[in-house]
Amino acid sequence: MKRKEEIRRIVVALDASPHSRAALKAAAQLAAELQAELLGMFVEDINLLRSAELPCAREVAYATRSTRSLDSRRLERALRAQAAELQQMLAVIAQGRKIRWTFRVARGRVATELLAAAQEGDMLVLGRIGTSVVQRARLGSTAQTVISTARHTVVFLEHGVELGTPVLVLFDGSENALRALATAARLARGDSLNLVVLVAGTDADAYQRLLQQVTNWLTEHDQHARIRPVATGIASLAQAVREEGGKALVLASDHTFAEQKTLCDLMEQVRCPVVRVN
């Protein structure tokens, strides 16, 4: 049986947005570093296709703001063209990084299809966090469904922000905390300069107990990291991420910060990719 922290297959969610291209590059980088296979998943949104069949449906050009009738056949052709373009991009990137890859097109509800594909992998990369017109709404309905349902590690990327190092991991002694630490160590590629463990103890005794757990794990797995105490609360965590120049923040899924509402608030402040480990 493979260990939970091993990542052998990465699934990346793709659509027509520029966010998908950034997510594809980030996922390919991860696959190369972790020696994992990459599955590119393009979902034809069944709700969008059904909307195109309505007589009142209109589409708005992003650049000109002009409108025209939304034609279902034209939409299907556009989706096929987008899928072909993304598949070609994946092939070029994968060849350059010498990674194994597959590409799949599915039609259905986006969250449902992504979750089904995620069952075949160990990590799901979401490059489009949300399409809400409200600037602060960082998690769209697809991401929210994934948060509440996914049983695998999920990487939430924000457009224009790359996944990199140093990697910070919040350690609070929760059930999944050690798996989060293991995932962070892999993302940091075993470099102590790239891994920062944020130990969140509620008091001095709790901090010492958690510190000992972290130290024991690092010793057992021949890993090195910088360890830093952090106060409870999103503001304190976000400040630590900024001060450390964090390029990725790893959270255990059973931490309160990994819940829908709190994760949205956290991402608003940390402005870096967030990795949620189950």
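Residues numbered from 1 in each chain as written. Predicted model: local features only at pLDDT ≥ 70, side-chain atom pairs only at ≥ 80, totals over all residues. Heavy atoms only, no water.

## Side note on the nonpolar core
Within the largest apolar cluster, 54 residues are counted, with the highest numbers of intra-cluster contacts made by Ile 10, Val 12, Leu 30, Leu 38, Val 125, Val 169 and Val 250. With eight residues, the single largest contributor to this core is helix H1 (residues 18-34). Among all residues touching Ile 10, those that are not within four sequence positions of it are Ala 27, Leu 30, Ala 31, Leu 34, Ala 36, Glu 37, Leu 38, Leu 39, Met 123 and Val 125. Listed in part, the 38 residues of the second largest apolar core include Val 230, Leu 263, Leu 266 and Met 267. (Core = buried A, V, L, I, M, F, W, Y, C linked by side-chain atoms within 4.5 Å. Buried < 20%, exposed > 50% of the residue type's maximum accessible area, 1.4 Å probe, protein only. Helix = DSSP H or I, 4+ residues; strand = E, 2+ residues; numbered from the N terminus. Contact = heavy atoms within 4.5 Å.)

## Thoughts on H1
In a regular helix each residue adds 1.5 Å, so 17 residues correspond to 24 Å; H1 covers 25 Å between its end C-alpha atoms and thus fits that length. Those residues of H1 lying buried are Ser 20, Ala 23, Leu 24, Ala 26, Ala 27, Ala 28, Leu 30, Ala 31 and Leu 34. Buried residues along H1 sit in contact with strand S1 (9-14), strand S2 (37-45), helix H3 (72-97), strand S6 (123-126) and helix H6 (177-187). Where H1 terminates, the next one or two residues include Gln 35, which has phi positive at roughly 55 degrees. (Expected span 1.5 Å × (residues − 1).)

## Let's talk about unusual backbone geometry
Cis peptide bonds are those with omega within 30 degrees of zero, and the linkage from Thr 165 to Pro 166 qualifies with 5 degrees. Turning to its location among the elements, Pro 166 is positioned in the loop between strand S7 (153-156) and strand S8 (167-171). Positive phi, close to 55 degrees, is recorded for Lys 98, a residue that is not glycine. Its place among the elements puts Lys 98 in the loop between H3 and strand S5 (101-108).

## Overview of the sheet that holds S7
Pairing between the strands of a sheet comes from backbone hydrogen bonds, and it takes one of two forms, parallel or antiparallel. Strands sit in the order S5-S2-S1-S6-S7-S12-S11-S8-S9-S10 across an open sheet of 10 strands; the sheet is mixed. Looking at which strands have only one partner, the edges of the open sheet turn out to be S5 and strand S10 (226-229). For this sheet, the mean angle separating the axes of adjacent strands, direction not counted, is 20 degrees. In this structure, S7 lies alongside strand S12 (residues 274-277), joined through three bridges in antiparallel fashion. Bridge pairing in S12 links Val 155 to Val 275. The strands touched by helix H4 (residues 110-118) within the sheet are S1, S2, S5 and S6, with S2 carrying the most contacts at an inclination of about 160 degrees. (Pairing = 2+ DSSP bridges. Axes fitted to C-alpha atoms, helices over the stretch in contact; angles between N-to-C directions.)

## Here's the deal with the side chain of Asp 122
Inspection of the secondary structure puts Asp 122 in the loop between H4 and S6. Overall, Asp 122 belongs to the buried group, its relative accessible area being 11%. Among the polar contacts listed, one links the side chain of Asp 122 to the backbone nitrogen of Arg 8, at a separation of 2.8 Å. (Polar contact = N/O pair within 3.5 Å; in protein donor to acceptor, adjacent residues only side chain to side chain.)

## Things to note about helix H7 (residues 204-220)
For H7, spanning 17 residues, the distance from its first C-alpha to its last is 24 Å, which sits close to the expected 24 Å at 1.5 Å a residue. Every buried residue of H7 is listed here: Ala 206, Tyr 207, Leu 210, Val 214, Trp 217 and Leu 218. The buried side chains of H7 occupy one side of the element, clustering within an arc of 100 degrees when seen end-on. Turned more than 90 degrees from where H7 packs its buried face, Ala 204, Asp 205, Arg 209, Thr 219 and Glu 220 sit exposed. Each element contacted by the buried residues of H7 is listed here: S8, H6, strand S9 (195-199) and S10. Where H7 starts, the residue carrying a side-chain oxygen 3.2 Å from the main-chain nitrogen of Asp 205 turns out to be Asp 203. Note on H7: the residue one or two positions beyond its end, Asp 222, has a positive phi of about 55 degrees. (Arc of directions from axis to C-beta.)

That's the geometry; what it means functionally is another story.
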